[in-house]
Amino acid sequence: MHRPTLAAPRSRSGVAAFGRVILSPALYSKQRRRVPAILTHELSHAHIEGWISANAFVRLPNWFKEGLAVMASGGGGAEFVSEQEARAAIGRGEHIDVDDAGSWRVLSEIRFERAPLGATPSHRTVLAYRQSGMFVAYLSDLDGAAFGRMMNAILDGRPFAEAVAGGYREDVQSLWLKFAQASAARK
Ligand SMILES: [Zn+2]
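Overview of the structure. Worth saying up front: this structure is predicted, and the values here are computed from it rather than measured. (Residues numbered from 1 in each chain as written. Predicted model: local features only at pLDDT ≥ 70, side-chain atom pairs only at ≥ 80, totals over all residues. Heavy atoms only, no water.)

## A closer look at the overall build of the chain
Stage number 1. In terms of helices and strands, the chain carries eight helices and two strands.
Stage number 2. In the chain, the succession of α and β elements from N to C terminus is β-β-α-α-α-α-α-α-α-α.
Stage number 3. Compactness check: the chain gives a C-alpha radius of gyration of 16 Å against a globular reference of 16 Å for 187 residues, within 12% of the reference.
Stage number 4. With 187 residues in all, the chain has 47% of them scored as buried.
Stage number 5. In the chain, the share of contacts with a sequence separation of at least 24, taken over all contacts with a separation of at least 6, comes to 68%.
Stage number 6. When the accessible surface of the chain is split by element, carbon and sulfur atoms take 54% of a total near 10000 Å².
Stage number 7. Looking at charge distribution, the chain has the averaged site of its 23 positive side-chain charges lying 7 Å from that of its 18 negative ones. (Helix = DSSP H or I, 4+ residues; strand = E, 2+ residues; numbered from the N terminus. Rg over C-alpha atoms; globule rule 2.2 N^0.38 Å. Buried < 20%, exposed > 50% of the residue type's maximum accessible area, 1.4 Å probe, protein only. Contact = heavy atoms within 4.5 Å. Areas by Shrake-Rupley, 256 points an atom, 1.4 Å probe, with all protein chains shown as cover. Lys, Arg positive; Asp, Glu negative; His and termini not counted. Charge placed at Lys NZ, Arg CZ, Asp CG, Glu CD.)

This is the structure we're talking about:
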């Protein structure tokens with residue numbers, strides 16, 4: 001299993017809220033190399049948040065919002081967990097809970113179906129970001145036209161489950177199973 005060579009960040013690197021992007025001061029010194037990816041990641045959130053209503057934004061599942069931001073930024077926010085490590089965790093059943101709606105009660109956390117053993121809270125978060133990014137990228141690679149239909153529905157403020165069904169003609173849980181099988185085959 002690949003071990004990250006850099007220490008995991010102690011706190012969040014950036015945040016987007018109400019269309020404003022705020023970056024951690026750590027990015028201007030020790031973690032300067034991460035700025036372009038983190039900024040792109042946060043701009044992905046700000047873009048969606050600025051385009052649809054606050055309620056529609058909150059109702060999107062957190063794993064999807066993070067996965068989209070990680071994909072759009074080429075891995076921003078997930079730098080400290082490799083795809084190989086994320087795949088190994090999926091193989092052990094330690095994977096994100098692929099729910100199909102977000103809520104006002106859980107604004108940023110991505111829940112796990114089975115919590116990764118021995119992971120610190122920050123490592124768990126980065127693992128969730130990496131798995132989310134890989135799954136969203138898989139959805140895009142699987143069927144670009146379906147992904148486009150889904151994104152258009154999301155940007156129209158439609159609920160996530162409806163957007164997925166309209167794009168792929170199946171639900172997100174069955175798409176996750178396909179992804180997990182494809183992931184296991186790559187090991
Ligand atoms: Zn994010």
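## Regarding the pattern of salt bridges
Stage number 1. The tally for this structure, following the rule as stated, stands at five salt bridges.
Stage number 2. A salt bridge links Arg34 to Glu79, with the nearest nitrogen and oxygen atoms 3.0 Å apart. Placement of Arg34 in the loop between strand S2 (20-23) and helix H1 (35-51) and of Glu79 in the loop between helix H3 (62-72) and helix H4 (83-91) is noted, with a sequence separation of 45 residues between them.
Stage number 3. You can call Arg34 buried: its relative accessible area is 11%.
Stage number 4. In this structure, Arg87 and Glu83 form a salt bridge, with 4.0 Å as the shortest nitrogen-oxygen distance. Of this pair, Arg87 and Glu83 both sit in helix H4, separated by four residues, roughly a single helical turn.
Stage number 5. For Arg87, a relative accessible area of 12% corresponds to the buried category.
Stage number 6. By relative accessible area, which is 37% here, Glu83 ends up partly exposed. (Salt bridge = Lys/Arg side-chain N within 4 Å of Asp/Glu carboxyl O.)

## Description of the pairing of strand S1 (residues 14-17)
Stage number 1. Along S1, the buried face is formed by Gly14 and Ala16; none of Val15 and Ala17, which line the opposite face, is buried.
Stage number 2. Sheet topology places S1 next to S2; four bridges connect them, and they run antiparallel. For Ala16, the partnering residue across the bridge sits in S2 and is Val21.
Stage number 3. Hairpin connection of S1 to S2: two residues between the antiparallel strands, including Phe18 at a positive phi of 50°. (Pairing = 2+ DSSP bridges.)

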